[in-house]
Amino acid sequence: MATAKSSRSRAAIPSGPLKEGNAHEASTQLEEKLEVFRKEQFDPDAFFQSKCQSMNEKEIRHLCSFLLDLKKASAEEMRRSVYANYKSFIRTSKEISDLEGELLTIRNLLSTQAALIHGLSEGVHVDSLSTGSEGTGANAVSSFEDREESDIEKWSVEYPDVLDVLLAERRVDEALAALDEGENILAEAKEKKTLSPAAICSLKTAITEHRQRLADQLAEAACQPSTRGVELRAAVSALKKLGDGPRAHTLLLDAHYQRFKYNMQSLRPSSTSYGGAYTAALSQLVFSAIAQAASDSLAVFGDEPAYSSELVVWSTKQTEYFALLVKRHALASSAAAGGLRAAAECVQIALGHCSLLEARGLALSPVLLKLFRPSVEQALHANLKRIEESTAALAAADDWVITYPPPGTRASSRSNAPLGSGIAFQPKLSSSAHRFNSMVQDFFEDVGPLLSMQLGGPTLEGLLQVFTSYVNLLISALPGSMEDEGNFDDSRNKIVRMAETEAQQIALLANVSLLSDELLPRAAMKLSPLYFAGGKDDPRKRASDRQNRQPEQREWKRRLQRVVDGLRDSFCRQHALDLIFTEDGDTHLSAEMYISMDATVEEPEWFPSPIFQELFAKLSRISSIAADMFVGRERFATLLLMRLTETVILWLSDDQTFWDDIEEGPKPLGPLGLQQFYLDMEFVIHFSSQGRYLSRHLHQVIKDIISRAMNAFTATGIDPYSVLPEDDWFADIAQDAINRLTGRGRSINGDRDLNSPTASVSAQSMSSIRSHGSS
C-alpha cells in the first residue's frame, strides 16, 4: 500500500519545471493530498478500496505494473545515489574513526597528567607536615614505616614485571587478560582508596605503556608476510580488543594486499602470452584475496557499517588495479586488432570470478564493466570496420551471380524456425554477400558480454552502419549511379564491379533483401537475453525482457528496410530513366506523340505506345528473373515491380513540360491522341493488375492522370466521352497486346475477327472520332 500511496502522491506533482508562482500552489495542493495519510485513523485497506473499486482488472494490472516499475526505478536511483557519494561517506567515516582514536589518546594523556599532578600535590603536603612539628612528623613517618604493605600494594608493584614477561613471551591472550585485570583493579582502587595516589598513577602508567607496546607488537606481527590465516585474525582481533579497531581493520586489509603483491611476482605477462590465460590467473589471485579479506573482516569485525564500507572501498581499489593490468597486458592488443572474441573472453573470465563475490555482499561487476567498456567498444568498432573493409574488397571482384555458399560454410537457421529444431537452409547470395553474412554470423558469436555492458544498442547500430556501407557499394554497382548527384557517400570512391545485366542488378537486390529480412535479424537475435539466460531464470522475467526489447528490435528492422529501399529506389529510378530517355537525352514519352496523331488521315493500328510496351517487357523480364532469385520472398519481387511501375507513372504525372504541351500548347489534344493516351494508361492498369502489383496508390495516380488529360480535351469544347469507346474495348486491346507481346495470341487488327464485339466497338469509335474531326 505504501507504494500505491507514493505513486498517487507523485502523480499529483507536475513533471515539468514550475514557475515561482505555481510552485507554492503545487506544494500546497500536495500537502492537502498528503494530509489523509497523516491521520492516526488512516486505514490503508479502506483507502485502497475507495480508490480502486471502480477500476477493472486491466487497469489494476496496469497500476501494479506501473508500481513495480516505479519500485525498480526508485531502487536503481537510490543505488546510484549511494555509489555517487560512497567515497565521500567512507572518507568521512574514516576521519571520524581516526578522530575518536586521537581523542582516546588525548584522554589517556590527560588522565596521566592529572595523576602526576595529584601525586606531586600529595608529596608537597607531606613535606609541609614535616616542617610543622618534628615530633609529629617523626611519629607519622615511624607509623607509615611500621605499617605492613597490603596484598594489592604488593600486586601493583609486581604487576609491571608480569606484563613485561607476558609481552616478551608473546602470550597475547594472557596479556589481554592481565590488562583487563589491571583496569578493573585500578578502578576499584580509585573508588575504595586502597592505593596511594602515587601507586594509582604508577599503575595507570604501566597499563597505558604496556597496552601501547602490545598494540605495536600485534601490528608488527600482522604486517609480517609469514602471518596468515588464524594467526592474522588472532592478531587483528587482539588489536581490536585493545580499542584500536580502525587500525586493526586497516592492517588486516594491508596484510591481504601485501600477500597479493607477493603472489603477483610469479605472474609475468609477456607479449606472446595468451590473454585469456593471463586474465584467468590474475583474476584468481585478485578475487581470491578480496574474498579472503572479506571473510576475515566479517569474522573479526562483523557487519559494522564503518568496517564494511572500508572493505568495499578497498575491494573496489583492488578491482580497479586488476582491470588496469588486464587492459594493459590482454585487452589492449586484442581491442586494437579488432579481436572481439579475445576481448570478450577476457571480460567473461573476469566477470565469472567477480560474480562469486556477490554472495559475500560485494557487487564489483559494475566496476569491471565500467572499466572494460572502452576496450570492448574499441574491439567492437575495429571488428565492424574489418567486416566493412573485407566486404568492400570482395565487392570489387564480385561477378554478381548468386550461388549457394562455398563448401564448409555452416548453414543458417531460418528466422521462422524454432530454436533447436535443426531446420536450416543454404542462402543463395553473391560472393561478397556470402562473405558479409559469414563474418556477421561469426561476429555475433562473440557478443556475450555486450548486453551486460549495455553495448547491445551500439552493436546493432554498428551493424546497421556496416550494412548501409555495403548497400551503398551495391548502389555504386548500378550503371549510371555514379552520375547521380544525390549519392555523396564515400562508397563512390571505392572500386566496385558494375552490374551490367538486369540479372546482375536484380542479384544486388536479392543480396540485400535476404540479408535484411532473414540473415541479419537472425544473427542479431543472439543479443537477446533469452539466449544467455539459460533454463534457471524465471520465464515471466524472460517474457518481460522480450516484450520490452520488441519495440527496439522492430525499429532496427525498419531501419534495415529503409536501407534496402534505398537500393531498390535507385534500381527503379535508373531503369525508369532508361525507359523514358534516349542516349542523346531526348524523351521517349512526350506530348507530341499524342498530339500529332490527329494530323494523320489513316486509321491508326490501336496498340500501346512503344514506351509502355518496353515497360511491360522490362517488367516481364524482371518478374521472370525475380521468380528464380526471390524464392520464398515473392513479396519483395512484387514490391519491386510495383515500385518500378510507380516510378515511370509518377514521372509522367510530375513532368510539367508534358502537361504544358497538353494543356496550353499550340496544338490541342485531339480525339485520337486522347484515345491513345487512355489506352496506354489502361494498358498499365491491366498488366499491373494481372501481375498483382497494382497498388492503390498507382491506380489512383493513373486515374488522376487520365482525368487531367480528359479535362484538357474538354477545354477544346468536345465531350471526351463522346469520342472514347467503352471500357471493354480498352480491356480487349490491352489483353491482345499482352498476348502479342508475350507470344501467346494473335496480332491485333490483322487476325482479329471483324465481326467480334471488339472490332465493332472499334469501328463505331473511329467513325465518331472522324465525325468530330471533320466538324
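None of these values were measured; they are calculated from a predicted model. (Residues numbered from 1 in each chain as written. Predicted model: local features only at pLDDT ≥ 70, side-chain atom pairs only at ≥ 80, totals over all residues. Heavy atoms only, no water.)

Comments concerning the overall build of the protein
Let me state the cut-off plainly: Only runs of H or I of at least four residues qualify as helices and only runs of E of at least two qualify as strands under DSSP, and these elements are numbered from the N terminus. Areas reported here follow the Shrake-Rupley algorithm with a probe of radius 1.4 Å; residue values treat only the protein chains shown as occluding.
On a plain count of helices and strands, the protein comes out with 28 helices and two strands. Entry remark: accessible area of the protein is about 42800 Å², with carbon and sulfur atoms responsible for 53%.

Some details on empty space enclosed by the protein
This is how it is decided: Definitions used for this entry: grid spacing 1 Å over protein atoms alone; cavity, a set of points where a 1.4 Å probe fits but cannot get out; pocket, an open set with protein on both sides within 12 Å along at least 5 of 7 lines; lining residue, one with an atom within 4 Å of a point. Grid points are joined across faces, edges and corners, and a volume is the space filled by probe spheres set on the points. Each residue receives one of three labels: charged for Asp, Glu, Lys and Arg, nonpolar for Ala, Val, Leu, Ile, Met, Phe, Trp, Tyr, Cys and Pro, and polar for the others, Gly being one of them.
Following the criterion strictly, the structure yields one cavity of 30 Å³ or more and no others. Considering the residues around the largest cavity, the lining is formed by His256, Tyr257, Phe260, Val286, Ala289, Ile290, Trp314 and Gln318. Those elements that place two or more of their residues in the lining of the largest cavity are helix H11 (245-264), helix H12 (275-301) and helix H13 (305-336). A class-by-class count of the residues in the lining of the largest cavity yields six nonpolar, two polar and no charged.

Overview of a negative patch on the surface
Put simply, the rule is: The patches reported here contain residues having more than 30% relative accessible area and no salt bridge. Joining distances are 9 Å for like charges and 5 Å for nonpolar side chains (Val, Leu, Ile, Met, Phe, Trp, Tyr). Here, a salt bridge means any side-chain nitrogen of Lys or Arg that lies within 4 Å of a carboxyl oxygen of Asp or Glu. When charges are tallied, Lys and Arg are placed among the positive residues and Asp and Glu among the negative ones, while His and the ends of the chain are skipped. Here the site of a charge means NZ on Lys, CZ on Arg, CG on Asp, or CD on Glu.
On the surface, Glu592, Asp660, Asp661 and Glu664 cluster together to form a negatively charged patch. Within the fold, Asp661 resides in helix H24 (residues 656-664).

Let's talk about the nonpolar core
To keep it simple, the criterion reads: We call a set of buried residues a nonpolar core when its members are Ala, Val, Leu, Ile, Met, Phe, Trp, Tyr or Cys and they connect through side-chain atoms within 4.5 Å of each other. Each residue is assigned to one of three classes by its accessible area relative to the maximum for its type, calculated with a 1.4 Å probe on protein chains only: buried under 20%, partly exposed between the two thresholds, exposed over 50%. Residue contacts are defined here by distance: any two heavy atoms, one from each residue, within 4.5 Å place the two residues in contact.
Phe372, Phe467 and Phe612 are the most contacted members of the largest nonpolar core, which totals 148 residues. A total of 12 residues in this core trace back to one element, the largest contributor, which is helix H18 (residues 502-524). The residues contacting Phe467, other than those within four sequence positions of it, are Phe436, Val512, Leu515, Ser516, Leu520, Leu560, Val563 and Val564. Residues Leu163, Leu166, Leu167 and Leu252 belong to the second largest nonpolar core, which totals 33 residues.

Describing the packing of helix H10 (residues 229-241) against H11
Inclusion rule: Helix axes are fitted to C-alpha atoms over the stretch in contact, other axes to C-alpha atoms as well, and angles between N-to-C directions run from 0 to 180 degrees. Roughly parallel means an angle under 35 degrees; roughly antiparallel, over 145; roughly perpendicular, 65 to 115; everything else is oblique. For any pair of crossing helices, the crossing counts as left-handed if the nearer helix is rotated counterclockwise from the farther one by less than a right angle, and right-handed if it is rotated clockwise.
Put simply, H10 and H11 touch, their axes get as near as 7 Å, and they point 160° apart. In terms of orientation, H10 lies roughly antiparallel with respect to H11. Pair H10 / H11 crosses with right-handed handedness. Contacts between H10 and H11 involve Gly229, Leu232, Val236, Leu239 and Lys240 on the former and, on the latter, Gly245, Arg247, Ala248, Leu251, Leu252, Ala255, His256 and Arg259. Tallied by class, the residues present in the contact of H10 with H11 amount to seven nonpolar, three polar and three charged.

Notes on helix H22 (residues 610-629)
The cut-off we apply is this: How far a helix is expected to stretch is found by multiplying one less than its residue total by 1.5 Å. Comment: arc refers to directions from the helix axis out to C-beta atoms.
For H22, with 20 residues, the first-to-last C-alpha span of 28 Å sits near the 28 Å given by 1.5 Å per residue. Looking only at H22, the buried set comprises Ile611, Phe612, Leu615, Phe616, Lys618, Leu619, Ile622, Ala626 and Met629. Down the axis, H22 shows its buried residues gathered within 165° of arc, on one side only. Exposed positions of H22 whose direction lies more than 90 degrees from the buried face are Pro610 and Asp628.

With respect to the environment of Asp680
Along the chain, the position of Asp680 falls in helix H25 (residues 671-690). Residues Asp680 and Ser609, 71 residues apart in the sequence, show an inter-C-alpha distance of 6.4 Å. Setting aside residues no more than four positions away along its own chain, Asp680 makes contact with Tyr594, Pro608, Ser609 and Phe612.

What to know about the confidence of the model for the protein
Basically, it comes down to this: In predicted models, pLDDT denotes the confidence assigned by the predictor to each residue on a 0 to 100 scale.
Counting all residues, the mean pLDDT for the protein is 77, and 76% of those residues have values of 70 or more. Predicted confidence for residues 747-775 stays below pLDDT 50, and this span has 48 contacts to residues more than four positions away or in other chains.

Structural notes on the layout of surface pockets
A water-sized probe rolled over the atoms picks out the places where empty space is left. A volume near 790 Å³ is recorded for the second largest pocket. Surrounding the second largest pocket, 27 residues form its lining, Leu104, Thr105, Asn108, Arg211 and Leu242 being those nearest its centre. Mapped by element, the contributors of at least two residues to the lining of the second largest pocket are helix H5 (86-132), helix H8 (172-192), helix H9 (197-222) and H11. Looking at which element gives the most residues to the lining of the second largest pocket, the answer is H5, with 11 residues.

Points about the packing of H22 against H25
Contact geometry of H22 with H25 gives a least axis separation of 10 Å together with a crossing angle of 10°. As judged from the angle between their axes, H22 and H25 are roughly parallel. On H25, the residues that touch Phe612, Gln613, Leu615, Phe616 and Leu619 of H22 are Asp680, Met681, Phe683, Val684 and Phe687. Class assignment for the residues of the contact of H22 with H25 results in eight nonpolar, one polar and one charged.

A few points about the packing of aromatic side chains
Just so we agree on the cut-off: For Phe, Tyr and Trp, rings pair up if their centres lie within 6.5 Å, where Trp contributes its six-membered ring, and each pair is then called stacked (planes under 30 degrees apart), edge-to-face (over 60) or tilted (otherwise). Two conditions define a charge located above a ring, namely a distance within 6 Å from the ring centre to NZ of Lys or CZ of Arg, and an angle within 35 degrees of the ring normal.
If you walk through the whole model with that rule in mind, you get 20 aromatic pairs. Taken together, a centroid distance of 4.6 Å and an interplanar angle of 45° make the contact between Phe301 and Tyr307 tilted. Of the two residues, Phe301 and Tyr307, neither departs from the other in class, the shared state being buried. Here the aromatic rings of Trp606 and Trp729 are separated by 5.7 Å at their centres, their planes lie at 85°, and the arrangement is edge-to-face. Of the two residues, Trp606 sits in the loop between helix H21 (592-595) and H22 while Trp729 sits in helix H27 (residues 727-742), which places them 123 residues apart along the sequence. Through a chain of ring-to-ring contacts, three or more aromatic side chains come together here, namely Tyr594, Phe658, Trp659 and Phe677. One cation-aromatic arrangement involves Lys428 over Tyr404; the distance from NZ or CZ to the ring centre is 5.4 Å. Of note, Arg740 hangs over the ring of Phe607, and the distance from its end group to the ring centre comes to 5.0 Å.

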